[in-house]
Amino acid sequence: MTSELVLEAINREFPDKVLHHSLPYGLLTVEVKREALKKIVHYLKVSCLKFIFLTDICGIHFPENKEKEIGVVYHLHNLEDNIRVRLKVFMRREEAEVDSLVDIFYGANWMERETYDFYGIKFTGHPDLRPILNMPDLGYHPMLKEYRLEDGTRTDKDDKMFGR
């Protein structure tokens with residue numbers, strides 16, 4: 001099985017649902033429409049493609065791109081043929097919500113909770129969506145790029161020492 005075969009199968013089953021695809025470092029990366037994500041993941045698992053292992057789910061934040069500000073990245077693995085695929089969905093921050101995959105991969109439970117906790121992305125249909133690592137009353141999502149990394153008023157450090 002090859003990445004090209006996987007991409008061809010996704011395009012055949014879900015025409016017009018793939019927005020972009022690439023092969024960085026040999027890993028098939030497919031950006032799909034948010035409403036089709038769950039069906040595509042289900043197809044990848046139950047079809048002859050056999051992507052039966054959900055390796056990871058994580059959030060990403062691109063504040064400079066308002067149309068694709070928030071994203072969710074899914075890594076799936078076909079253990080028999082040792083091939084992986086990365087699926088991405090993007091949305092506006094105000095619409096940060098995707099379907100939960102817990103009914104397809106029970107292991108998605110904690111990964112979705114962590115992504116919700118750190119990025120504020122809601123997973124529709126999740127059985128217990130609440131903070132998992134942060135305090136429940138924290139009041140913000142710490143991985144969002146909303147704050148400067150450093151205090152610009154500091155005078156006790158020299159940026160030349162850090163390659164800037």
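For the structure itself, look to the data block above.
Residues numbered from 1 in each chain as written. Predicted model: local features only at pLDDT ≥ 70, side-chain atom pairs only at ≥ 80, totals over all residues. Heavy atoms only, no water.

S.K.: I would appreciate a short explanation of the environment of Tyr106 in the present structure.
M.R.: Considering the arrangement of structural elements, one finds Tyr106 in the loop between strand 6 (97–99) and helix 3 (108–119). Spatially, the C-alpha atom of Tyr106 lies 9.3 Å from that of Leu54, the residues being 52 residues apart in sequence. (Helix = DSSP H or I, 4+ residues; strand = E, 2+ residues; numbered from the N terminus.)

S.K.: When you look at the pattern of salt bridges in this model, what are you seeing that I'm missing?
M.R.: It is possible for side chains bearing opposite charge to pair when their charged atoms get close. Here the structure, examined in full by the defined rule, presents eleven salt bridges. A salt bridge links Glu69 to Lys66; the shortest N-O distance between them is 3.9 Å. Residue Asp128 pairs with Arg113 through a salt bridge whose shortest N-O separation is 3.9 Å. Here Arg113 lies in helix 3 and Asp128 lies in the segment after strand 7 (122–124), a separation of 15 residues in the sequence. The network of salt bridges with shared partners includes Glu67, Arg92 and Glu94. (Salt bridge = Lys/Arg side-chain N within 4 Å of Asp/Glu carboxyl O.)

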